[in-house]
Amino acid sequence: MTHILRVLIPRPVWRTYDYVLHDATSNALVGARVRVPFGPSSVVGIVFEVAARSEHLGELKQVMNVVDQQPIVSEDLLKLAFWLASYYHCPIGTVIETMLPTDVLRGRAINLEPDFEWAIVPQGEKVEFKRATRQQETWNLLVNRGALTDPEIRREGIARSVLTAMEKKGLLRRKPLLPKYQFQDRGIKPTAEQEFAIQSVLGSLNQFGVHVLDGVTGSGKTEVYIRVIKEVLAKGRQVLVLVPEIALTPQTANHFRERFGSVAVLHSMRTNLQRFEIWSRVGSGEHRLVLGTRSAVFTPFKDLGLIVVDEEHDSSYKQSDSLRYSARDAAVVRANDLGIPVILGSATLSLETVENINRNKYKAYRLAARPGTAKLPKFQLLDVRGQSLRGGMCHPLIEIIRRHLDGEGQVLVLINRRGFAVSVVCHDCGWRANCQDCDVILTLHEQPCRELRCHHCDRRYELPDHCPDCSGNRLVSVGAATQRVVETLAEAFPGVPIRRIDRDVINTNRKLEHTFTELQLPGRCILVGTQMLAKGHHLPNVTLVAVLRADAGFFSSDFRAAERTAQLIVQVAGRAGRAEREGEVWIQTYDPDHPHLESLAKSGYRGFVETELILRRDANFPPYSHLALLRAEGSNSEEVKTFLHQVLREVTGTSTEKLGPVPAYIPRLNNRWRCQAALVDRSRKRLHEALGKIAKIPSPGSRIRWSIDVDPIDMS
Ligand code: ADP
Ligand code: ZN
Ligand code: ZN
């Protein structure tokens, strides 16, 4: 019997390829890997269809060998691959490359057998071993313990041959070793708000639906996920929980492990082999609870029953290169295809999700209060106009900090710039230190040594003693960054421990974990840090959060910057007052009348959302329109711009709005010139038709590279 196999090839190709296979016995090959000739060599591809004939002309090449005897990629995942390719206008081959772990693409054999333990087969009469003393000892041990796993057997120094010999005699058998998922309620009783959300989701477990948990920080969203997960696991089905970041927050994984006894963790820090192992054990149905970051949305499941996307607003769900997909949106598409619910949770919902709620596409549950006595902090604005700043802080702020320290509270200062000073300028002629390879100003660092650094290409420079333009010697640093704030606070509060949290000091997960663990203990302390502070840690003793310079984001040309800034402020503020002590949040600003700040102070994130949605609607920006960003970069700025003009010219006969091309927010990076254009349309369908006209335009060599980003998050 001859079959035509349609194969997905993990190379940047826009189409699939047909191959011939003789003697194939069944159609069970869909989702299995095959090795096929491709170009001058061979690749491992995935079969997505078995057909009787091919539409391709000419002779088809033959499959070299079939790697898997059964599917390893589920059908819903294959469908998702095609959806991703068409939605993000990305070559289907690139989608496959992104979705599958490296070792899967290398053709590594997948063992779908679960681990097992050795157990005794109860014997009617007393077992006589005669001269087989090793067997006798093993038997005695097993009678004592019931069963032994492989690692235990190794520890006991028992040879495997002894066990297999006993297995042959019918004395032992292998018992699959499956995670047990025993639920611990830890004495937590869901609040009425939590219970309502839990019951609503449980009431529609067998159908697709997007359930949004709109819960303030610390309101117990995780408890809602956990209760729903418990029921899905009890039905024998599988659950996927997506989180933005695991490496920095091992406590999330620990928490799930404590509550369920077992959780499989998938993230990019894993080695290829670890990823591969977990991937196959989820596919076999052995692991039923999976916690992972972005790419975990591509894990094959045997019987997925629920997807949870925690912190759904987080921009790390969007991949910024190659396949520019959103894992949150892919999760919704996958859930829809499988007919299962998906829960999106956040204290600072993305505006897309808010709009989907407003249009009744998503169902929302509000958790407005924190369980127990914990209270939500109040936002207050601190007008710094006309005040002198020391280390980026005005005198009243220093006094507020003093008040909290005197009350034995902990203080958290958010300053979203690492280094010592934002820039170095010449006091005489206004010269600014710039990176030679990028159009950005250099940041001054004092720790671990004094130097100027480019935060974009990481190039480092010595600090000049004279101005290169006017030779003046009055070079001054302006704009406080983390190191400067720490220095100033150390002078103001001698003896108070101060910790800095930014990428320069916290370069390992262990360090972050250590710092946050320390802060669980009571006692005066100041924590100065960047957005790293926003990651979901509980800091029960923090009573004050001070935000410096955060309003800068409200003046950016990137239309999403305001949303990101508000989310950051609210998330960091959410660290405060989590225990019995009420928290305060002070935002230092030059612009207390700014509508965003006013609404944030008056009615929190919800207030911000209302204001921002009006602005977005007026400007016809997402979520009221659909947008795709076209980026191009090259060694010559004119060429790059001309190229984008040409691309836009291909978009004809449509009402889709064309914007640009204009220089990117950072016009030059690593000596490459960058330009961007955008396509905007109220109709998603029309936008995709327009993109379809240009998606396959090749990059003109390495001189210019270009890409399409559908639903971009970062507009730079
Ligand atoms: P969120 O994810 O919404 O920020 P968490 O789920 O981390 O909040 O919950 C915050 C704290 O409240 C946790 O320590 C959690 O154990 C606790 N908690 C959650 N629900 C309840 C409840 N119903 N009763 C008491 N404590 C709860
Ligand atoms: Zn000068
Ligand atoms: Zn640079």
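On a predicted model such as this, the values are computed, not experimentally measured, just so you know. (Residues numbered from 1 in each chain as written. Chains lettered and ligands numbered in written order. Predicted model: local features only at pLDDT ≥ 70, side-chain atom pairs only at ≥ 80, totals over all residues. Heavy atoms only, no water.)

> Explain the pattern of salt bridges here, please?
Taken as a whole and assessed by the stated rule, the structure comprises 51 salt bridges. The partner of Arg227 in a salt bridge is Glu223, and the shortest N-O contact between them spans 3.0 Å. Here Arg227 pairs with Glu223, and both are found in helix H8 (residues 221-234), just four residues apart, close to one helical turn. Across the pair, exposure class does not vary: Arg227 and Glu223 are buried alike. Measuring nitrogen to oxygen at the nearest pair gives 3.7 Å for the salt bridge that ties Glu491 to Arg390. With Glu491 in helix H14 (residues 482-492) and Arg390 in strand E17 (residues 389-390), this pair connects stretches of sequence that are 101 residues apart. For Arg390, a relative accessible area of 42% translates into the label partly exposed. Through salt bridges that share partners, Arg418, Glu451, Arg453, Asp458, Arg460 and Asp504 make up one connected network. (Salt bridge = Lys/Arg side-chain N within 4 Å of Asp/Glu carboxyl O. Helix = DSSP H or I, 4+ residues; strand = E, 2+ residues; numbered from the N terminus. Buried < 20%, exposed > 50% of the residue type's maximum accessible area, 1.4 Å probe, protein only.)

> Hey, could you run me through the coordination of the zinc ion (ligand 2) in this one?
Each donor-metal-donor angle would ideally measure 109.5 degrees in four-coordinate tetrahedral geometry, or 90 or 180 degrees in six-coordinate octahedral geometry. Bound to the zinc ion (ligand 2) on the protein side are Cys426 (SG), Cys429 (SG), Cys467 (SG) and Cys470 (SG), at distances that span 2.2 to 2.4 Å. Between the four donor atoms coordinating the zinc ion (ligand 2), the angles at the centre fall across 103 to 113 degrees, so the site counts as tetrahedral. Counting gaps between the donor residues of the zinc ion (ligand 2) yields the pattern C-x2-C-x37-C-x2-C. Highlighted residues: Cys426 in strand E20 (residues 421-426) and Cys467 in the loop between strand E23 (460-461) and strand E24 (475-480), separated in sequence by 41 residues. (Donors = N, O, S within 2.8 Å, 3.2 Å for Na, K, Ca; no water. Tetrahedral: all angles 85-135°; square planar, octahedral: opposite > 155°, others 65-115°.)

> Quick question: what am I supposed to make of the site of ligand 1 here?
In the vicinity of ligand 1, 16 residues are found, and the nearest of them are Lys189, Gln194, Gly218, Lys221 and Thr222. Within the side chain of Gln194, a nitrogen or oxygen atom sits 2.8 Å from a nitrogen atom of ligand 1. Contacts to ligand 1 include Thr222, whose side-chain N or O atom sits 3.0 Å from an oxygen atom. Burial of ligand 1 by the surrounding chains reaches 71%, relative to a free accessible area of 560 Å². For the shell around ligand 1, the element with the most residues is H8, which contributes three residues. A per-class count over the shell around ligand 1 returns four nonpolar, eight polar and four charged. (Near = heavy atom within 4 Å. Polar contact = N/O pair within 3.5 Å; in protein donor to acceptor, adjacent residues only side chain to side chain. Areas by Shrake-Rupley, 256 points an atom, 1.4 Å probe, with all protein chains shown as cover. Nonpolar A, V, L, I, M, F, W, Y, C, P; charged D, E, K, R; others polar.)

> Mind showing me how you'd approach the packing of helix H12 (residues 351-358) against helix H17 (residues 595-619) here?
A packed helix pair is summarised by two numbers, namely the angle formed by the two axes and the spacing between the axes. Closest axis-to-axis distance for the H12/H17 pair is 11 Å, and the angle between their directions is 90 degrees. Classified by the interaxial angle, the pair formed by H12 and H17 is roughly perpendicular. Residues Leu351, Val354 and Asn358 of H12 form the contact with H17, whose participating residues are Val609, Glu612, Leu613 and Arg616. Residues of the contact of H12 with H17, tallied by class, amount to four nonpolar, one polar and two charged. (Axes fitted to C-alpha atoms, helices over the stretch in contact; angles between N-to-C directions. Parallel < 35°, antiparallel > 145°, perpendicular 65-115°, else oblique. Contact = heavy atoms within 4.5 Å.)

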